[in-house]
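The lines below spell out each chain.
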Amino acid sequence: MATASKSKRTKKSSAPAYVPPKKLPISFTVNGQEVSTEAPAHTTLLYLLRDLGFTEVKNGCEAGDCGACTILLDGLAMNACCALGVQAEGREITTVKGIGTVDNLHPIQEKFIEHGAIQCGFCTPGMIVAAKELLDNTPNPSRQEIKAGIAGNLCRCTGYVKIIDAIEASAEELSSKKGKGK
Ligand code: FES
Ligand code: FES
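Residues numbered from 1 in each chain as written. Chains lettered and ligands numbered in written order. Predicted model: local features only at pLDDT ≥ 70, side-chain atom pairs only at ≥ 80, totals over all residues.

As a further point, take the packing of helix H5 (residues 124-137) against helix H7 (residues 161-179). Where H5 contacts H7, the two axes come as close as 11 Å, and the packing angle between them is 40 degrees. When the interaxial angle is binned, H5 and H7 end up oblique. The two elements H5 and H7 cross, and the hand of that crossing is right-handed. Seen from H5, the contacting residues are Met 127, Ala 131 and Leu 135; seen from H7, they are Ile 163, Ile 167, Ser 170, Ala 171 and Leu 174. Tallied by class, residues from the contact of H5 with H7 come to seven nonpolar, one polar and no charged. (Axes fitted to C-alpha atoms, helices over the stretch in contact; angles between N-to-C directions. Helix = DSSP H or I, 4+ residues; strand = E, 2+ residues; numbered from the N terminus. Parallel < 35°, antiparallel > 145°, perpendicular 65-115°, else oblique. Left-handed = near helix turned anticlockwise from the far one by under 90°. Contact = placed C-beta atoms within 7 Å. Nonpolar A, V, L, I, M, F, W, Y, C, P; charged D, E, K, R; others polar.)

Right, let's get into the nonpolar core. Within the largest apolar cluster, 42 residues are counted, with the highest numbers of intra-cluster contacts made by Ile 71, Ala 80, Met 127, Ala 131 and Ile 163. Mapped by element, the contributors of at least two residues to this core are strand S1 (23-30), helix H2 (45-51), strand S3 (70-73), strand S4 (76-79), helix H4 (107-114), H5 and H7. Examining the composition of this core, we find that seven residues originate from one element, H5, more than from any other. The residues that make up this core include at least three from each of domain 1 (23-98) and domain 2 (107-179). In this view, Met 127 contacts Ile 150, Asn 153, Cys 155 and Ile 163; residues no more than four positions away in its chain are not counted. (Core = buried A, V, L, I, M, F, W, Y, C linked by C-beta atoms within 7 Å. Buried ≥ 20, exposed ≤ 12 C-beta atoms within 10 Å, placed from the backbone. Domains from an automatic or database assignment.)

Along an α-helix, a turn takes 3.6 residues, which lines up residues three or four apart on a common side. The terminal C-alpha atoms of H5, which comprises 14 residues, lie 20 Å apart, in line with the 20 Å expected from a rise of 1.5 Å per residue. Extensive coverage of H5 is indicated by the burial of 11 of its 14 residues. Every buried residue of H5 is accounted for by Thr 124, Pro 125, Gly 126, Met 127, Ile 128, Val 129, Ala 130, Ala 131, Lys 132, Leu 134 and Leu 135. Buried residues along H5 sit in contact with S3, S4, helix H3 (96-99), H4, helix H6 (143-149) and H7. (Expected span 1.5 Å × (residues − 1).)

Taken domain by domain, the chain consists of domain 1 (23-98) and domain 2 (107-179). A separation of 22 Å is found between the C-alpha centroids of domain 1 and domain 2. With 14 residues of domain 1 in contact, the opposing surface of domain 2 contributes 11 residues. Taken together, the elements giving at least two residues each to the side of domain 1 that touches domain 2 come down to S3 and S4. Residue contributions to the side of domain 1 that touches domain 2 peak at three residues, all from S3. Its residues placed into classes, the side of domain 1 that touches domain 2 shows nine nonpolar, three polar and two charged.

Okay, the packing of H4 against H5 next. Two quantities define a packed helix pair, namely the angle between the axes and the distance from one axis to the other. Packing of H4 against H5 leaves a shortest axis separation of 10 Å and a crossing angle of 130 degrees. Relative to H5, the element H4 lies oblique. The two elements H4 and H5 cross, and the hand of that crossing is right-handed. Between H4 and H5, the contacting residues are Ile 108, Gln 109 and Phe 112 on the first element and Thr 124, Ile 128, Ala 131 and Lys 132 on the second. Classifying every residue of the contact of H4 with H5 by side-chain character gives four nonpolar, two polar and one charged.

Structure (structure tokens):
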């Protein structure tokens, strides 16, 4: 018995040696800032952005279900978890921090605060980005169009009514600013 188990232990493994995945160079911009990095081809854009420090892009489901990771890619809202980092090559990415900052809030962000559309806040970055794309393309949306615009973004806290109110108020604010030429 002892001889048999010793021979098992000394038997050479036929498994191939681990080869780390090759990293590919990727360059793009995030909120106007140029980024050059490298990552394996299978790395999602969500992981790539978060690893680079853009943690305002939230990781909720990694499956395209919740919208927490919503970013603008060349102005179009999309789920960062559903794209590969290498697909960002040469593209322009906007996260919620590119829409407005704590010191210089965008009207959408102001209205979310005023209307109590933020509770835990986990959905908020993606929700704001989705609202921005909606209002860029549909400046005066109906409530139905607002619901459609944020259909890919789940919120576990607010019940959506306050979020829809906030986006509606943002549209009014942005239209009135535009009317005044601001
Ligand atoms: Fe991307 Fe949920 S983390 S959709
Ligand atoms: Fe908590 Fe939306 S505020 S998930």
